[in-house]
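# Geometric and topological summary
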Amino acid sequence: MDLGLSQEQEQLRDLARDWVEREVVPHVTEWDRAEQVDLKIVGKLAELGFLGLGIAEEFGGSGGDFLSYILMMEELGRGDTSVRGIVSVSLGLVAKSIQAYGTDAQKRQWLPGMCAGETLGCFGLTEPGTGSDAGSLTTRAVRDGDDWLITGEKIFITNGTWAGVVLVFARTGGPGPKGITAFLVPADAPGLTRREIKGKLGLRGQATAEMTFEGVRVSDANRLGREGGGFKIAMSALDKGRIAVASGSVGLARGCLEAAVAYAQERTQFGKPIASYQLVQEMLADMAVETDAARLLVWRAADLVDRGRPFGTEASMAKLFATESAVKASNQAIQVFGGYGYVDEFPVGKAMRDARVTTLYEGTSQIQKLLIGRALTGINAF
Ligand code: CAA
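Definitions and limits used
Residues numbered from 1 in each chain as written. Predicted model: local features only at pLDDT ≥ 70, side-chain atom pairs only at ≥ 80, totals over all residues. Heavy atoms only, no water. Near = heavy atom within 4 Å. Areas by Shrake-Rupley, 256 points an atom, 1.4 Å probe, with all protein chains shown as cover. 1 Å grid on protein atoms, 1.4 Å probe; cavity = no way out; pocket = protein on both sides within 12 Å on 5 of 7 lines; lining within 4 Å. Sits in = over half its atoms within 2 Å of the grid points. Helix = DSSP H or I, 4+ residues; strand = E, 2+ residues; numbered from the N terminus. Nonpolar A, V, L, I, M, F, W, Y, C, P; charged D, E, K, R; others polar. Domains from an automatic or database assignment. Phe/Tyr/Trp six-rings, centres within 6.5 Å; stacked < 30°, edge-to-face > 60°. Lys NZ or Arg CZ within 6 Å of the ring centre and 35° of its normal. Buried < 20%, exposed > 50% of the residue type's maximum accessible area, 1.4 Å probe, protein only. Contact = heavy atoms within 4.5 Å. Buried area = accessible area lost by both parts, 1.4 Å probe. Salt bridge = Lys/Arg side-chain N within 4 Å of Asp/Glu carboxyl O. Polar contact = N/O pair within 3.5 Å; in protein donor to acceptor, adjacent residues only side chain to side chain. Core = buried A, V, L, I, M, F, W, Y, C linked by side-chain atoms within 4.5 Å.

Taken together, 23 residues lie around the ligand, and Ser 132, Lys 178, Asp 239, Arg 242 and Glu 362 are the ones closest in. Here the ligand has 1100 Å² of accessible area as a free molecule, and 76% of this is covered by the chains. The cavity that encloses the ligand is the largest pocket. Contributing elements (two or more residues each) for the shell around the ligand: β3 (147-158), α7 (230-266) and α11 (365-377). Considering every element that reaches the shell around the ligand, the biggest residue donor is α7, with 7 residues. For the shell around the ligand, the class distribution of residues is 11 nonpolar, 6 polar and 6 charged. Both domains that meet at the shell around the ligand, namely domain 2 (122-228) and domain 3 (232-377), each give it at least three residues.

So this is what it looks like as structure tokens:
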């Protein structure tokens, strides 16, 4: 068994690590306070090919395997979960769904601009009344000649107000997962309105939006995949998306560990660095072990993807463990920092607020447990 990385993978990881240190880390407090990352970061991500990793070169992408994408996610997550989210939603959930299910015309229409950072994508699944039970969504798309008219509400949509294209899931048939179809809707389509949600606990630099579709007209050429095939598109995007969230959470936890180790070595109390106290070392050791264990689960899931093997259950395990570990690591880092961890001059308070969402979005921890339980027993608890 080889747990090493190829030379290309190491180079990519190092490039991402250096870039995050230079272009992201110095700004995160300012962006968090302003509740807005500087959107110039999108162009910079694109310049490095980070918005096209895993997309074929003929559509403007930079190619590469899934593990490379996952390595980038860890580095972006180490810097800022809001920046990581821009990429994991626009590239991971939307562009990759277009690549997997789109027609040639759809790929040519959207992918070059998305890889170049000119157009961001957002993933319109969640609704005010539909979170974990995604198959019960109520947004409707009704046929009108060669067109569809889409009506409904979406909520908690990452990149929502920044996106140029919305991958929206709407009901075209009867109740349940089989009645759902996916559409690519230009964000400037008449009848589509978007509002940013303010007052979030974390992820403050990111645009998280509510969206209203009032008879939004799109042609049948905007349908992604077959009629009734939308739920499977959403689920297969989320299977991989969960590994990306997990990897970003490993990065977040690693950032907390690095900050806590450095602080514990420089902060003295009772005449000694606090790193010399066993109870502090215990916290650091717990963080280190859980972070590494989470990374191994992430890499296992990514490796299955690259080998074309089933990976859904392993993705759920990775997401469950890595996101819960990130919450714990950020909480322990605050404990190491003491009062200084409670103010935003230091990075760990923001990390805790950002970590908290990772156990909610792209499937809660409870959904991951039920998916793992279903795989173990064959019994569907939903
Ligand atoms: N890949 C492909 N197909 C899948 C699939 C997968 N991973 N999971 C299910 N399906 C298929 C099933 O095979 C089934 O098809 P058949 O009947 O043809 O066999 C069909 O879809 C229905 O599947 P289920 O019976 O499993 O559906 P369910 O209604 O029981 O729901 C669920 C399953 C796992 C609970 C699902 O609803 C789920 O994952 N919920 C969580 C939703 C979620 O993660 N939301 C995140 C929002 S998006 C977001 O957060 C993005 C953002 O902006 C950050």
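What follows is about the packing of aromatic side chains. For the coordinates displayed, the defined rule picks out 9 aromatic pairs. Taken together, a centroid distance of 5.7 Å and an interplanar angle of 70° make the contact between Tyr 340 and Phe 346 edge-to-face. Directly above the aromatic system of Tyr 69 lies the positively charged group of Lys 96, at a separation of 3.5 Å from the ring centroid.

Located in the positive-phi region is Phe 156, a residue other than glycine, with phi close to 60°. Positionally, Phe 156 belongs in strand β3. Phi at Asn 159 is positive, roughly 70°, even though this residue is not glycine. Among the structural elements, Asn 159 can be located in the loop between β3 and β4 (165-171).

Okay, the environment of Thr 138 next. As for its position among the elements, Thr 138 is in the loop between β1 (121-124) and β2 (140-144). For Thr 138, a relative accessible area of 57% puts it in the exposed group. For the pair Thr 138 and Phe 231, spaced 93 residues apart in sequence, the C-alpha separation works out to 13 Å. With sequence-adjacent residues up to four places away left out, Thr 138 is seen in contact with Glu 127 and Thr 130.

Splitting the chain by domain gives domain 1 (7-120), domain 2 (122-228) and domain 3 (232-377). Just the C-alpha atoms count here: the centres of domain 1 and domain 3 sit 21 Å apart. Taken together, the contact between domain 1 and domain 3 spans 23 residues of the former and 32 residues of the latter. Between domain 1 and domain 3 the total buried area reaches about 2300 Å² when both faces are included, carbon and sulfur atoms providing 55% of it. Contact with domain 3 buries surface across domain 1, with Phe 66, Glu 74 and Arg 78 losing the most and accounting together for 27% of the total.

Position of Ser 365 relative to the elements: it lies in helix α11. Apart from the residues lying within four places of it in its own chain, the contact partners of Ser 365 are Leu 320, Thr 323, Glu 324 and Thr 359.

Counted under the stated rule, the structure contains 27 salt bridges. We note a salt bridge from Glu 74 to Arg 254, for which the minimum N-O separation is 2.7 Å. Here the residue Glu 74 occupies a position in helix α4 (residues 66-79), and Arg 254 occupies one in helix α7, the gap between them amounting to 180 residues. For the pair formed by Glu 74 and Arg 254, the shared burial category is buried. Residue Glu 127 is joined to Lys 154 by a salt bridge in which the shortest nitrogen-to-oxygen separation is 2.9 Å. One end of the pair, Glu 127, is in the loop between β1 and β2; the other, Lys 154, is in strand β3, with 27 residues separating them in the sequence. Across this residue pair, the class does not change: Glu 127 and Lys 154 are buried.

Here we come to the side chain of Ser 68. Its location among the elements puts Ser 68 in helix α4. Side chain to side chain, Ser 68 and Asp 65 meet in a polar contact 2.5 Å long. Apart from residues lying up to four places away in sequence, Ser 68 is in contact with Gln 9, Leu 12 and Leu 53.

Looking now at the nonpolar core. With 73 residues, the main nonpolar core has Ile 41, Ile 70, Met 72, Leu 76, Phe 123, Phe 169 and Ile 243 as its most contacted residues. For Ile 243, the contacting residues outside a window of four places in its chain are Phe 66, Ile 70, Val 298, Ala 301, Ala 302, Val 305, Phe 311 and Ala 315. The next biggest cluster of nonpolar side chains, apart from the first, holds 24 residues, and it includes Leu 257, Ala 326, Ala 329 and Ala 333.

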